[in-house]
Amino acid sequence: MVCMEVLKLWIKGCSIIVLDVPLLFEAKIDKWTKPIVVIWVDPETELQRLMTRDGSMEEEAKSRINAQMSLDLKRSKADIVIDNTSSLEALHGQFQ
Ligand SMILES: *[C@@H]1O[C@H](CO)[C@@H](O)[C@H](O)[C@H]1NC(C)=O
């Protein structure tokens, strides 16, 4: 579990711990993390990429997306937003 791992690292003396948690807000872990970085794409791009990744139909992909908090809402809760609508190179640039 995430909490145990974080605790172990904290006891070891780590002062910076990076968590990669897709459902950070849904699991309410965001209360304990700072800063929060959200990788954002517009809803249309999100849908297209999910369908390509999973080979799923539009309705199926939409219901998976709708089961999560929207990226627009996540973006509003973030400290840092990285826009991933264009290429992977552009993403790397923003990350740097
Ligand atoms: C960013 O978008 C690319 C597709 O261009 C995708 O492969 C990658 O997983 C995305 N990165 C993140 C962190 O969401």
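Basis of the calculations
- Residues numbered from 1 in each chain as written.
- Predicted model: local features only at pLDDT ≥ 70, side-chain atom pairs only at ≥ 80, totals over all residues.
- Heavy atoms only, no water.
- Core = buried A, V, L, I, M, F, W, Y, C linked by side-chain atoms within 4.5 Å.
- Buried < 20%, exposed > 50% of the residue type's maximum accessible area, 1.4 Å probe, protein only.
- Contact = heavy atoms within 4.5 Å.
- Salt bridge = Lys/Arg side-chain N within 4 Å of Asp/Glu carboxyl O.
- Helix = DSSP H or I, 4+ residues; strand = E, 2+ residues; numbered from the N terminus.
- 1 Å grid on protein atoms, 1.4 Å probe; cavity = no way out; pocket = protein on both sides within 12 Å on 5 of 7 lines; lining within 4 Å.
- Points joined across faces, edges and corners; volume = space filled by probe spheres on them.
- Nonpolar A, V, L, I, M, F, W, Y, C, P; charged D, E, K, R; others polar.
- Near = heavy atom within 4 Å.
- Polar contact = N/O pair within 3.5 Å; in protein donor to acceptor, adjacent residues only side chain to side chain.
- Areas by Shrake-Rupley, 256 points an atom, 1.4 Å probe, with all protein chains shown as cover.

Per an unreviewed UniProt entry, the chain is named Dephospho-CoA kinase, and its organism is Solanum verrucosum.

What should I look at first to understand the nonpolar core in this one?
For soluble globular proteins, the rule of thumb is that nonpolar side chains tend to be buried together. Grouped together as the largest cluster of nonpolar side chains are nine residues: Leu24, Phe25, Ile29, Ile36, Val38, Trp40, Val41, Leu71 and Ala78. In this view, valine 38 contacts Phe25, Leu71, Lys74, Arg75, Ala78, Ile80, Val81 and Ile82; residues no more than four positions away in its chain are not counted. Core analysis: the second largest hydrophobic core is formed by five residues, Leu47, Leu50, Ala61 and Ile65 among them.

Which parts of the structure should I look at to understand the pattern of salt bridges?
Where side chains of opposite charge bring their charged atoms close, a pairing between them can arise. Per the stated rule, a full pass over the model turns up seven salt bridges. Measuring nitrogen to oxygen at the nearest pair gives 2.9 Å for the salt bridge that ties lysine 34 to aspartate 79. Within this pair, whereas lysine 34 is found in the loop between α1 (2-11) and β1 (37-40), its partner aspartate 79 is found in the loop between α4 (71-77) and β2 (80-83), the two being separated by 45 residues in sequence. Taken together, the shared-partner salt bridges connect Arg53, Asp54 and Arg64 into one network.

Where do I start with the layout of surface pockets in this structure?
To find the voids left in a structure, one rolls a probe of water-molecule size over its atoms. In this structure, the largest pocket encloses a volume near 1600 Å³. Per-class residue counts for the lining of the largest pocket are 29 nonpolar, five polar and eight charged.

Which parts of the structure should I look at to understand the site of the ligand?
Close to the ligand lie Ile39, Arg49, Asn84, Leu88 and Leu91. Arginine 49 is positioned with one of its side-chain polar atoms (N or O) 3.0 Å from an oxygen atom of the ligand. Within the side chain of asparagine 84, an N or O atom sits 2.3 Å from an oxygen atom of the ligand. Protein coverage of the free-state accessible area of the ligand, which is 370 Å², stands at 46%. Its residues assigned to classes, the shell around the ligand comprises three nonpolar, one polar and one charged.

For this particular structure, what's the right way to read unusual backbone geometry?
The bulk of non-glycine residues show a negative phi, and the bulk of peptide bonds are trans. The peptide bond linking lysine 34 to proline 35 adopts the cis configuration, its omega dihedral lying at -5°. Of note, proline 35 is situated in the loop between α1 and β1. In this structure, lysine 28 takes a positive phi of about 60° despite not being glycine. Residue placement: lysine 28 occurs in the loop between α1 and β1.

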